[in-house]
Amino acid sequence: MKNAVARWVFASALAIGLAFASSNAVLAQDKVRFQTDWIPSGEHAMYYGGWSKGIYAKHGIDITITRGYGSGDTVTKVAGGAADFGVADIAAVFTARARSNVPVKTIAVIYNESPHSMFVLKSSGITNFKGLEGKKIGVTPGNSHRFYFPQVAKRAGTDPNKIIWTNMDGAAMAAQLIAKNIDAAPFYSIHSFYINKAAAKAGEEIVVLPFVSVGFKIYAASIITSDKTIKDKPDLVKRFLAATKEVFEWARDNPEEACKLHVERFPEVQLDDCLASVRAVMPFVFNDHSKEFGFGKEGADRLKFSWETIASANDLKPDFDYKQAIDTSLVPK
């Protein structure tokens, strides 16, 4: 009888101890607010899917992800403390730092090649950038494609002064292109699948002219955080970057699972659109550059070219020390 009681007491104590340890493990998780750069399309399925999969939790992070309203807005939110980490184009980070010394840094380069491109209709007969001379291109005010195009034109043997730029609402560009009211429109190449679905309904087909095809290779989407977070919470930054690396590798290897979890959160996203976006994103993340320098890391030459291109496009002081806007030292090797 005494042995039975002793065993019961021991088992109860063990159960209480495990529960307490489990409770402490939950309590030990750092709450993190993470803001993307735009609406939760398939381009972001790795983040949301990784959240549902528990990958961030595995790294001791209790994450909440919210949509962004453009890279500039995400930079502002992170700088002001409304978000702990964010996704933003490196151009927005460089520009904010150079103009106003905004205390935000890129801590991992995600797209080590830019998906900037021009979309044209196959029926237009345009097959290269030279074919855009004398044509009308729809563009949103301040669009980076227009700022970068002179560099692309230079590499493609195209006269940028012969392009007719037409300002319009970004939401209308695809429809205007398909209706043939414009000859070309700037989009990230990763969005070609669902735009081509809309074109197919009108009996048309989208042709993508990627900027990278003429050697225009600059950094684009990146993970950002504040100077204060880097200084005060380096371990959290390391864990967040390790989790982010893992969610990308997981989504690359398991796109269907990533997209199913993503669509569960956002039923308005079509599963096939999500899958196409995830698969289109990965070559900008995992490629020869990432093999040479590692996930999230930058190369000196491409970083310099990226800065010079961004500085020229945004009229920034060329002698600004752009390296103070990036710190990838905490990315896992």
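Anything mentioned here points back to the structure above.
What you are looking at is a predicted structure, and each value in this text was computed from that prediction instead of being measured.

Here we look at the packing of aromatic side chains
Per the counting criterion, the structure on display carries 22 aromatic pairs. Here the aromatic rings of F85 and F240 are separated by 4.0 Å at their centres, their planes lie at 5°, and the arrangement is stacked. Here the residue F85 occupies a position in strand β3 (residues 85-89), and F240 occupies one in helix α10 (residues 234-253), the gap between them amounting to 155 residues. The burial state of F85 is the same as that of F240; both residues are buried. With 5.7 Å between their ring centres and 20° between their planes, W307 and Y322 make a pair best called stacked.

Considering the state of the cysteines
Applying the stated criterion across every chain, the model contains one disulfide. Note that C259 is cross-linked by a disulfide to C274, the S-S spacing being 2.3 Å. Because the torsion about its S-S bond is -90°, the bridge between C259 and C274 counts as left-handed. Within this pair, whereas C259 is found in helix α11 (residues 255-265), its partner C274 is found in helix α12 (residues 271-285), the two being separated by 15 residues in sequence.

Details of the environment of N196
Considering the arrangement of structural elements, one finds N196 in helix α8 (residues 192-201). The class for N196 is partly exposed, based on a relative accessible area of 26%. Between the C-alpha atoms of N196 and I206, which are 10 residues apart in sequence, the distance is 5.4 Å. Not counting the four nearest positions on each side in its chain, N196 is found in contact with E205 and I206.

Quick word on the sheet that holds strand β5 (residues 116-121)
Spatial ordering of the open sheet is given by β8-β5-β9, a layout of three strands whose pairing is antiparallel. Every interior strand has two partners, whereas the edge strands, β8 (185-188) and β9 (206-210), have only one. On average, each strand axis in the sheet is inclined to that of its neighbour by 40°, with strand direction left out of account. The pairing of β5 with β8 spans four bridges and is antiparallel. Bridging from a neighbouring strand, H116 pairs with Y188 of β8. Most of the contacts of helix α6 (residues 144-156) go to β5, to which it runs at about 95°, and overall it touches β5 and β8. Against the sheet, α8 engages β5, β8 and β9, with an angle of about 150° to β9.

Topic: the nonpolar core
In this structure, F34, Y47, Y56, Y111, I223, F240 and F248 are the most contacted members of the largest nonpolar core, which totals 47 residues. In contact with Y47, other than residues within four places in its own chain, are F34, T36, Y56, I65, V87, I110, I223, T244 and F248. Within the second largest apolar cluster, 44 residues are counted, among which are I90, F129, W165 and F216.

Topic: the layout of surface pockets
Space inside the largest pocket adds up to approximately 1,500 Å³. Surrounding the largest pocket, 48 residues form its lining, W38, N143, F187, Y188 and H191 being those nearest its centre. Every element with two or more residues in the lining of the largest pocket is listed here: α4 (71-80), α5 (90-100), α6, α7 (173-178), β8, α8 and α12. The element contributing the most residues to the lining of the largest pocket is α8, with five residues.

Definitions and limits used
Residues numbered from 1 in each chain as written. Predicted model: local features only at pLDDT ≥ 70, side-chain atom pairs only at ≥ 80, totals over all residues. Heavy atoms only, no water. Phe/Tyr/Trp six-rings, centres within 6.5 Å; stacked < 30°, edge-to-face > 60°. Helix = DSSP H or I, 4+ residues; strand = E, 2+ residues; numbered from the N terminus. Buried < 20%, exposed > 50% of the residue type's maximum accessible area, 1.4 Å probe, protein only. Disulfide = S-S within 2.5 Å. Contact = heavy atoms within 4.5 Å. Pairing = 2+ DSSP bridges. Axes fitted to C-alpha atoms, helices over the stretch in contact; angles between N-to-C directions. Core = buried A, V, L, I, M, F, W, Y, C linked by side-chain atoms within 4.5 Å. 1 Å grid on protein atoms, 1.4 Å probe; cavity = no way out; pocket = protein on both sides within 12 Å on 5 of 7 lines; lining within 4 Å. Points joined across faces, edges and corners; volume = space filled by probe spheres on them.

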